[in-house]
Amino acid sequence: MVTDTMVCAGKPIQFIDQTLVCPDSWTWTVFPGSYEFVNNSTPNSQHPEIIFLEPGNYSVTLQASNQNGEATLTRENYITAGGVTIPYFEDFESAGLSATGWTTVHPEDGDAAWSVQFATGNGGSFAAGINLYESFNFMEKNQLISPLINLSGLETAALSFDHAYTLTGTDLDYTDSLIVKISVDCGESWSRLLELYEDGSGSLSTTDPLASPFTPGSPEDWCGYFQDSNCYAVDLTPWLDHSNVMIMFETVRILGNNLYIDNVRIDALTSVNDQASVEDDQIQIYPNPTTGQLSIQLNDNWDRAGISVFNVHGQLVHRRLEHVNNRVNINLSGAPEGLYFIQLTKDGRSLTRKVLVN
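Definitions and limits used
Residues numbered from 1 in each chain as written. Predicted model: local features only at pLDDT ≥ 70, side-chain atom pairs only at ≥ 80, totals over all residues. Heavy atoms only, no water. Pairing = 2+ DSSP bridges. Helix = DSSP H or I, 4+ residues; strand = E, 2+ residues; numbered from the N terminus. Axes fitted to C-alpha atoms, helices over the stretch in contact; angles between N-to-C directions. Buried < 20%, exposed > 50% of the residue type's maximum accessible area, 1.4 Å probe, protein only. Contact = heavy atoms within 4.5 Å.

Asks: Go over the sheet that holds strand β16 (residues 177–183) with me, naming the residues and quoting the values.
Replies: Spatial strand order, β10-β13-β19-β16-β17: 5 strands in an open sheet with antiparallel pairing. Each edge of the open sheet is held by one strand with a lone partner, namely β10 (103–105) and β17 (191–197). Within the sheet, the average angular offset between the axes of one strand and its neighbour, ignoring direction, is 20°. Where β16 meets β17, 6 bridges bridge the pair, whose relative direction is antiparallel.

Asks: Please give an account of the environment of Tyr286 that cites residues and values.
Replies: Inspection of the secondary structure assignment puts Tyr286 in strand β22 (residues 284–286). Residue classification places Tyr286 among the partly exposed residues on the basis of a relative accessible area of 33%. Ignoring anything within four residues of it in the chain, the contact list for Tyr286 reads Leu294, Ser295, Gln297 and Arg327.

Asks: Tell me about the sheet that holds strand β4 (residues 35–38), residues and numbers included.
Replies: Strand order in the open sheet formed by 3 strands is β2-β5-β4, and the pairing between neighbours is antiparallel. Strand pairing shows two members of the sheet lacking a second neighbour, β2 (12–14) and β4, which therefore form its edges. Ignoring strand direction, the axes of neighbouring strands in this sheet form an average angle of 35°. In this sheet, strand β5 (residues 49–52) lies alongside β4 in antiparallel orientation, the contact comprising 4 bridges. By the bridge assignment for β5, Phe37 is matched with Ile50.

Asks: Quick one: what's the story with unusual backbone geometry, residue by residue and with numbers?
Replies: Residue Pro32 is reached from Phe31 by a cis peptide bond, and omega for that bond is 0°. Checked against the element boundaries, Pro32 lands in the loop between β3 (25–31) and β4. For Asn77, which is not a glycine, the phi torsion comes out positive at approximately 50°. Given a relative accessible area of 51%, Asn77 falls into the exposed group. The residue Asn263 is not glycine, and still its phi comes out positive at about 50°. A relative accessible area of 9% means that Asn263 is categorised as buried.

Asks: How would you sum up the pairing of β16? Please name residues and give values.
Replies: The element β16 is extensively covered by neighbouring structure, given that 7 of its 7 residues are classed as buried. Across the two faces of β16 the burial is the same, with Ser177, Ile179, Lys181 and Ser183 and Leu178, Val180 and Ile182 all buried. Bridge analysis of β16 against strand β19 (residues 246–252) gives 7 bridges, and the strand direction is antiparallel. Bridge pairing in β19 links Leu178 to Thr251.

Right under this line is the structure:
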């Protein structure tokens with residue numbers, strides 16, 4: 001048996017024999033062969049350690065024996081080295097955090113922690129949340145960390161997510177923070193992607209202050225519903241060609257209210273003129289470039305999809321949650337010139353395209 005089933009490529013993992021009572025010899029075989037034994041261990045060690053050199057799925061076979069005989073155990077595709085491939089989407093609807101590969105880090109003496117909590121108004125019934133309203137530890141940090149994500153072999157990629165948060169009052173000097181970080185070395189070091197706190201511009205708050213514990217219950221409670229309530233998308237292009245990418249959502253508690261994260265997406269960004277690899281994902285966006293007025297022509301599989309438009313700074317500039325036919329018209333005439341990302345979401349799927357406003 002192996003101690004874990006998802007590991008970082010390039011990080012050692014230890015194997016433990018549990019196939020035979022009191023064996024005195026062992027032979028380990030791993031397939032495919034893109035690995036090496038480390039720390040003086042060999043294929044005949046009782047507890048060998050190996051490093052996977054390439055991301056992918058690996059099968060493990062152990063042959064153990066003693067004077068009474070031998071036993072063999074094989075586990076097919078038992079280890080995933082490196083992260084899951086994109087597109088990646090998590091809406092926290094199916095199971096708790098650990099079952100979906102997410103982990104949490106919080107102080108031993110802390111009084112808050114991330115968990116899956118009841119939250120509605122955003123296409124489901126649950127979200128990842130943290131009860132900061134009932135926390136009393138000033139500057140306490142709590143972290144929500146994604147499973148490993150594989151960005152290798154891509155030309156572009158972007159992270160986007162929905163959030164819901166409010167203050168307990170109107171004093172902007174006492175607002176919690178949300179910091180988004182990325183790691184490409186299995187969590188040994190982190191780089192900041194975003195640092196958000198409420199400054200009066202809707203940079204973090206999504207609804208009016210509330211002097212009681214906040215739980216989102218309608219679309220109005222989530223980012224992007226009001227014009228001054230920003231959702232965010234982040235360009236991950238500088239971190240491509242890494243198979244061990246992790247995303248962290250970190251809260252710093254000052255004096256605010258509960259915070260929720262939902263619909264975490266990591267997608268490859270492709271030109272609107274590129275053909276999608278799956279026929280169902282083909283859409284038309286025209287004209288591109290545009291002076292502001294553009295149309296989106298969808299096939300039946302994307303009818304009534306949620307549509308969001310982000311600028312290059314990750315701010316949501318337009319959201320349309322429903323439409324009545326396969327053609328959607330969007331007016332970006334008042335938007336500054338530049339590159340924008342159009343994101344479609346429906347039934348747990350997401351698709352992102354680029355458009356240029358001249």
